[in-house]
Amino acid sequence: MGHYFIGIDLGTTHSAVYYSNASLVSNEQATSKIQQLNIPQFTAAGQIDELPLLPSFVYFPHQTEFLDSDFQLPWGKATSIVGQLARELGSKSSGRLVQSAKSWLCHSQVGAEEAILPIDALEEVEKVSPAEVTQALLTHLVNAWNTSFPHALIADQEVVITVPASFDPAARVITEQAAKKVGLRARLIEEPLAAFYAWLSDQSSWADNLDVNEHILVVDVGGGTTDLSLIQTVEKDGELGLERIAVGRHILLGGDNMDMTLTYHLAGQLAQNGTNLEPWQITGLTQACREAKERLLSNSELSDVSVVVPSRGRSLFNNSIKATLTQTDVQQLLIDGFFPESTFGEQAQKVTRSGFSAINLNYESDPAITRHISGFLAQQDVKPTKVLLNGGVFNAELIRTTLETRLENLLGDVNLTMLTPSHLDYAVAKGATYYAQVQAQGGVKVKSGLSANYYIGVASPMPAIPGMVPPVDAICVAPFGLEEGSDEQMLPNEFSLIVGESVNFRFFQSKHNDVETVGKVISSFSLGLLNELNPLSIRLDAGHYQAGDMVRVYLTAQVTELGLLLLQAHDTNSDLSWTIEFQVREA
Amino acid sequence: MTQNTKTQKITSQEVKPLSFVPRFIGAFGQFFKYMGSGDYAARCQHAGKGDVFAFEAEPTVITETIETIREIEVAAPILDTVNEDGAHQLLQLLQQEARFIDFLQESIDDYADADVGAAARQIHSGCAKVLNQHFTIDVVNSASENSRVEIPAGYDAKQIKLEGRVEGSGPYAGTLIHPGWKVTDTRLPKVTNTENLTILAPAEVEV
């Protein structure tokens, strides 16, 4: 029986698991021992293969679609199909596939416990909530581990799960709860930070590459999201330390957008010639475009690549759709579209939105990653000197060098160094494993706390005025940088709390990252400066009080060891205390 | 051919001494029998001299050697079919990833080279994916092509094929024409039901 460190990259489009054996690890040569777990999954009906990645897709098949024996996984019968086959089936049948469930976890209008997926579900398909999908994906990974290591069950191991840096506290809690339900006691780590840890694990002496007061920008472009983080080197007790000082907001923009761009470009060309594509052809075209893009980007001498979507019938040639993707197309659409020249401080462009839109993910309207970066850097007023890239998009050298030039121009006379990423596709899972190792056995840690100031809405007293609700002030309960496992923060003032009755709590998050003092009041008139998070409706247990009683309480805030924000109200007159949890959302 | 030793034993009868009463009564009988038969009297004289009867003699062991011929089966090479399930599964995978069967079942005579070339690219990338995913393939001989190589006398004929003027008992020196391929690891998908592996791809019906 061994003891393992396990890093789970629970990605929007793919999940991966890395691990290292605790007894074999010595910090000097840690990385060579971090390995990948192959995940058994369906690749066809009744066919199971072990693949390094688990596509984060769940498919709910029709009752006649498969034989009973087709559902047999190494650990038992499956009820839904997870992984590669799910993605494939979903591209052919509608209304049964759930994808990008992770992005729904921090949706501003939809609760994570709300059963809304698949968004286009057929009537007979029972909808599930984003939280349940997360749990289903985790269950698959847990079973995959336990099948490979029956003598070292995952519940007994040190597990780290990665989440986007831009996840709000509620989304973090949901992820942690989902992990708990499948028997994991997992720590959370932000993805860009995990990528940085992977870089750290590769360095024999990391401090040689960094100076004091340097800023490192981590650009993590995943399949569906872009995540930005800033890490600063600080001097602490004569030694170099690291602090994660800022994270960007949740940007739903990634590598898949690039493939879609090329697809729609070609689809438009074909439409001009009188060929209108059907949905299945779009899927095939996207696939073909991705391959053509990779060929064009890896070889700039190549002027064009023909893109063929064969018919669905048995003939590969009859009725096939042909188009040509040129080098100029790729350069213009991808480089100018996603990585245009940008000046410091330029913000992402906003388009006027249509009044009504179908409930779906809030996709980004400006595809320019460089503008998102410049906006983020300007907001922090930081000019980084080191850049660490992560994500499969950067496998293309042209994109890497373009981003480097754009950043150099954007930052002006800064001497910019690109750090060598550990692995563009797997750094996150690898870094998470290394982080688990560092937590248990020591090593250099990046100080990272809350990524924003958090405020709670407090109704201010005012005489009743018809047609006017009492204004709500925001009071800072947890400051930026509050670290996990740190002491409780106590608010200076006391409050009244209504117990035994359903009440609403409003939460806010600061847009900047200047540290606010706990208890600082933002008046109702300036609430626009803050981002409002999902409110939560909750009924706190009355205890020995009458329902509806106002209880005098003092508030404390704490970030738990697992990295979750916890608010507690303590009765001033008794031992009663109430925990206000973020996962309880208004459904 | 083997030698078998066969032992035959003649069962000896014993002459048991009589007690007094049957002896006393018998003695009168013997008197008249001796007097009446000259032949009997002559036999009794033999017995009186101490000669033993034939059946009283020591058992004789007769050893004779016989030759038998027995046929022993030596594993003679016979032709057998390899596991068909594996072949079907590989065809399935190639069809799934690369539409391999579609491609081969269609005549390409009527299509332009450019069309066939474009299709070949897709089929190539799909087949390569199947190969990489399910097999680790390595060369048998890692020397570079067209270089001089020496093959020892007791070489494995499965791994190395000598061509050209092959004579003598080696070692042999020659030019490496093709390095050969070998599978070092196989990772085929597991299947829950091997009954209908002959269905390489199901008929697709859009409803």
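Fair warning: this is a prediction, and the values are worked out from it, not measured in the lab.

1. Some points on the overall build of chain A
Part 1 of the argument: Of the regular secondary structure elements, chain A holds 11 helices and 32 strands.
Part 2 of the argument: Looking at chain A as a whole, 56% of its 587 residues are labelled buried.
Part 3 of the argument: Across chain A, contacts joining residues at least 24 apart in sequence account for 70% of those joining residues at least 6 apart.
Part 4 of the argument: Carbon and sulfur atoms make up 47% of the accessible area of chain A, which amounts to about 25,600 Å² in all.
Part 5 of the argument: Within chain A, one finds 37 positive and 67 negative side-chain charges whose respective centroids are separated by 4 Å.

2. Describing the overall build of chain B
Part 1 of the argument: Assigned secondary structure in chain B consists of five helices and seven strands.
Part 2 of the argument: Tracing chain B from N to C terminus, the helices and strands come up as β-α-α-β-α-α-α-β-β-β-β-β.
Part 3 of the argument: Of all 207 residues assigned to chain B, the portion counted as buried reaches 15%.
Part 4 of the argument: Across chain B, the fraction of contacts at a sequence separation of at least 24, relative to all contacts at a separation of at least 6, is 76%.

3. Remarks on the nonpolar core
All names here are of chain A.
Part 1 of the argument: Within the largest apolar cluster, 52 residues are counted, with the highest numbers of intra-cluster contacts made by Leu217, Val219, Ile373, Phe394 and Ile399.
Part 2 of the argument: At eight residues, helix H7 (residues 279-298) tops the list of elements feeding residues into this core.
Part 3 of the argument: Judged by nonpolar contacts, the second largest core, of 48 residues, contains Val82, Leu105, Cys106 and Leu188.

4. Section: the sheet that holds strand E16 (residues 239-247) of chain A
All names here are of chain A.
Part 1 of the argument: The six strands are arranged E20-E19-E14-E15-E16-E21 in an open sheet whose pairing can be described as mixed. The open sheet has two edge strands, strand E20 (417-418) and strand E21 (446-447), and neither has a second partner.
Part 2 of the argument: Two elements, E16 and E21, share two bridges in a ladder whose sense is parallel. Paired with Leu242 across the strands is Val446, a residue of E21.
Part 3 of the argument: Against the sheet, helix H9 (residues 369-380) touches strand E14 (215-221), strand E15 (226-236) and E16, its axis set at about 35° to E15.

5. A word on the UniProt feature "domain: DUF2760" (unreviewed entry) in chain B
Part 1 of the argument: Feature annotation in UniProt assigns "domain: DUF2760" (unreviewed entry) to the following positions: residues 85-206 of chain B.
Part 2 of the argument: End C-alpha atoms of residues 85-206 of chain B are separated by 29 Å, and the span's content is 34% helix alongside 17% strand.

6. Here's the deal with the sheet that holds strand E7 (residues 58-59) of chain A
Part 1 of the argument: Strand order in the open sheet formed by three strands is E10-E7-E11 (chain A), with antiparallel pairing between adjacent strands. The open sheet has two free edges, formed respectively by strand E10 (81-82) and strand E11 (97-98) of chain A, since each of these has just one partner strand.

7. Remarks on the packing of aromatic side chains
Part 1 of the argument: Per the stated rule, a full pass over the model turns up 14 aromatic pairs over all chains.
Part 2 of the argument: Measuring from ring centre to ring centre gives 5.4 Å for Tyr4(A) and Trp145(A), while their planes differ by 75°; the resulting arrangement is edge-to-face. Taken as a pair, Tyr4(A) in strand E1 (residues 4-10) and Trp145(A) in helix H3 (residues 130-148) lie far apart in primary sequence, 141 residues in all.
Part 3 of the argument: For Trp145(A), a relative accessible area of 0% corresponds to the buried category.
Part 4 of the argument: The interplanar angle of 25° and the centroid separation of 4.5 Å between the aromatic rings of Phe317(A) and Tyr111(B) together place this pair among those described as stacked. One end of the pair, Phe317(A), is in the loop between strand E17 (304-309) and strand E18 (321-326); the other, Tyr111(B), is in the loop between helix H4 (100-105) and helix H5 (113-134), on a second chain.
Part 5 of the argument: When its relative accessible area of 22% is taken as the criterion, Tyr111(B) is described as partly exposed.
Part 6 of the argument: A connected cluster of aromatic rings, assembled from ring pairs, spans Tyr4(A), Tyr19(A), Trp145(A) and Phe149(A).
Part 7 of the argument: Between Lys383(A) and the ring centre of Phe344(A), over which it is positioned, the NZ or CZ distance is 5.0 Å.

8. Here's the deal with helix H10 (residues 397-411) of chain A
All names here are of chain A.
Part 1 of the argument: The terminal C-alpha atoms of H10, which comprises 15 residues, lie 21 Å apart, in line with the 21 Å expected from a rise of 1.5 Å per residue.
Part 2 of the argument: Of all the residues in H10, the buried ones are Ile399, Thr402, Leu403, Arg406, Leu407, Leu410 and Leu411. All buried residues of H10 project into a common sector of 150° when viewed along the axis, lining one side.
Part 3 of the argument: Lining the buried residues of H10 we find E14, helix H6 (255-272), H7, helix H8 (327-338), H9 and strand E19 (386-390).
Part 4 of the argument: Two residues or fewer after H10 comes Gly412, characterised by a positive phi angle close to 80°.

9. Describing the interface of chain A and chain B
Part 1 of the argument: Opposite the 29 residues of chain A that make contact, chain B presents 32 residues.
Part 2 of the argument: Around 2,300 Å² of area is buried between chain A and chain B when both sides are counted, 44% of it from carbon and sulfur atoms.
Part 3 of the argument: Contact with chain B buries area across many residues of chain A, yet Gln47(A), Leu316(A) and Phe317(A) alone supply 31% of it, more than any other trio.
Part 4 of the argument: Where chain A touches chain B, the interface holds three salt bridges.
Part 5 of the argument: Between Asp115(B) and Lys322(A) there is a salt bridge, with the nearest N and O atoms lying 3.8 Å from each other.
Part 6 of the argument: At the junction of chain A and chain B, the tally comes to 12 residue pairs in polar contact (both at pLDDT 80 or more).
Part 7 of the argument: Elements that contribute at least two residues to the side of chain A that touches chain B include exactly strand E4 (39-44), strand E5 (47-51), helix H1 (84-92), H7 and E17 of chain A.
Part 8 of the argument: A breakdown of the residues in the side of chain A that touches chain B according to their chemical character gives nine nonpolar, 11 polar and nine charged.
Part 9 of the argument: One ladder, built from two bridges, connects E5(A) with strand E7 (residues 190-191) of chain B; its direction is antiparallel. Looking at E7(B), one finds that Gln47(A) is bridged to Val191(B).

10. What about H5(B)?
Residues and elements named next belong to chain B.
Part 1 of the argument: If you check H5, its first and last C-alpha atoms are 31 Å apart, about what 22 residues at 1.5 Å a residue would give, namely 32 Å.
Part 2 of the argument: Within H5 the residues assigned to the buried category are Val116, Ala118, Ala119, Ile123, Gly126, Cys127, Val130 and His134. In an axial view of H5, the angular spread of the buried residues amounts to 165°, which keeps them on one side of the axis. Turned more than 90 degrees off the buried face of H5, the exposed positions are Asp113, Ala114, His124 and Asn132.

11. With respect to a nonpolar patch on the surface
Residue and element names in this part refer to chain B.
Part 1 of the argument: On the surface, Phe20, Val21, Phe24, Ile25, Phe28, Phe31, Phe32 and Met35 cluster together into a nonpolar patch covering about 960 Å² of accessible area.
Part 2 of the argument: By the secondary structure assignment, Ile25 is in helix H1 (residues 20-36).
Part 3 of the argument: Look at Ile25 and you get exposed, because its relative accessible area is 55%.

Cut-offs and rules
- Residues numbered from 1 in each chain as written.
- Chains lettered and ligands numbered in written order.
- Predicted model: local features only at pLDDT ≥ 70, side-chain atom pairs only at ≥ 80, totals over all residues.
- Heavy atoms only, no water.
- Helix = DSSP H or I, 4+ residues; strand = E, 2+ residues; numbered from the N terminus.
- Buried < 20%, exposed > 50% of the residue type's maximum accessible area, 1.4 Å probe, protein only.
- Contact = heavy atoms within 4.5 Å.
- Areas by Shrake-Rupley, 256 points an atom, 1.4 Å probe, with all protein chains shown as cover.
- Lys, Arg positive; Asp, Glu negative; His and termini not counted.
- Charge placed at Lys NZ, Arg CZ, Asp CG, Glu CD.
- Core = buried A, V, L, I, M, F, W, Y, C linked by side-chain atoms within 4.5 Å.
- Pairing = 2+ DSSP bridges.
- Axes fitted to C-alpha atoms, helices over the stretch in contact; angles between N-to-C directions.
- UniProt positions renumbered as here; feature names shortened; annotations may be inferred.
- Phe/Tyr/Trp six-rings, centres within 6.5 Å; stacked < 30°, edge-to-face > 60°.
- Lys NZ or Arg CZ within 6 Å of the ring centre and 35° of its normal.
- Expected span 1.5 Å × (residues − 1).
- Arc of directions from axis to C-beta.
- Buried area = accessible area lost by both parts, 1.4 Å probe.
- Salt bridge = Lys/Arg side-chain N within 4 Å of Asp/Glu carboxyl O.
- Polar contact = N/O pair within 3.5 Å; in protein donor to acceptor, adjacent residues only side chain to side chain.
- Nonpolar A, V, L, I, M, F, W, Y, C, P; charged D, E, K, R; others polar.
- Patch = residues over 30% accessible without salt bridge, like charges linked within 9 Å, V, L, I, M, F, W, Y side chains within 5 Å.

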